[in-house]
Amino acid sequence: QVQLVESGGGLVQPGGSLRLSCVVFGNMFSINALDWYRQAPGKQRELVARITTGGGSTTYADSVKGRFTVSRDNAKNTVYLQMNSLKPEDTAAYYCNASLYSGTMAWGRGTQVTVSS
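Conventions used here
- Every chain is numbered independently, its residues counted from 1 as its sequence is written.
- Reporting of local features is limited, given that this is a predicted model, to residues whose pLDDT is at least 70; pairs of side-chain atoms are given and counted only at 80 or more, and all residues count toward the totals for whole chains, interfaces and linings.
- For side-chain calculations, the full set of non-hydrogen atoms in the structure is used, while hydrogens and water are omitted.
- Every helix listed is a DSSP run of H or I at least four residues long, and every strand listed is a run of E at least two residues long, numbered separately from the N terminus.
- Three exposure classes are used, based on accessible area relative to the maximum for each residue type with a 1.4 Å probe and protein chains only: buried under 20%, partly exposed in between, and exposed over 50%.
- A contact between two residues is defined here by any heavy atoms of the two lying within 4.5 Å.
- Any carboxyl oxygen of Asp or Glu within 4 Å of a side-chain nitrogen of Lys or Arg constitutes a salt bridge here.
- Here a polar contact means two N or O atoms within 3.5 Å. Within protein one must be a hydrogen donor candidate and the other an acceptor candidate, and residues neighboring in sequence count only if both atoms are side-chain atoms.

(A) Representation of the environment of N77. Mapped onto the fold, N77 is located in the loop between β7 (68-73) and β8 (78-83). The exposure class of N77 is partly exposed, given its relative accessible area of 23%. In this structure, the C-alpha to C-alpha distance between N77 and V23, residues 54 residues apart in sequence, is 5.9 Å. Beyond its immediate stretch of four places on either side in the chain, N77 contacts C22, V23, V24, G26 and M28.

Written out as structure tokens, the structure reads:
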């Protein structure tokens, strides 16, 4: 069983930066990929960034390419999302997700990011 706990959200001005963290509790070797999703009010949840646990390859939504960076620290069982040049449209609840080799998924409870002046 895998549990995920996000942190690092908050209020930031446009153009600012935040770093989100997702601590993974459980067997990291059971996880194929770790993703960051976000969901704004009235909108569908969307995939923001992905990092595989094996080779560490990354993918990003077009809307965040060049501004967001996903990384992992295997020693700390933690995945990060560094968010730079934040825009008001980045305001959302951000969720960490684990895709397991078994075919199941695990979700964190989310952390709120608000970009506003």
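(B) Focus on the pattern of salt bridges. The final tally for this structure, using the stated rule, is 5 salt bridges. Two residues, D35 and R50, come together in a salt bridge whose shortest N-O distance is 2.6 Å. Taken together, the residues span a long stretch of sequence, with D35 in strand β4 (residues 31-39) and R50 in strand β5 (residues 46-52) at a distance of 15 residues. A salt bridge links R38 to D90; the nearest nitrogen and oxygen atoms lie 2.9 Å apart. Placement of R38 in strand β4 and of D90 in the loop between β8 and β9 (92-100) is noted, with a sequence separation of 52 residues between them. For the residue pair R38 and D90, the accessibility class agrees, reading buried in each case. Connected via shared salt-bridge partners are R38, E46, R67 and D90.

(C) View of the side chain of T111. Positionally, T111 belongs in strand β11 (residues 111-115). For T111, a relative accessible area of 12% translates into the label buried. Polar side-chain contacts of T111 include one of 3.1 Å to the backbone nitrogen of G9. If we skip the residues at most four places from it in the chain, T111 touches E6, S7, G8, G9, L20, A92, A93 and Y94.

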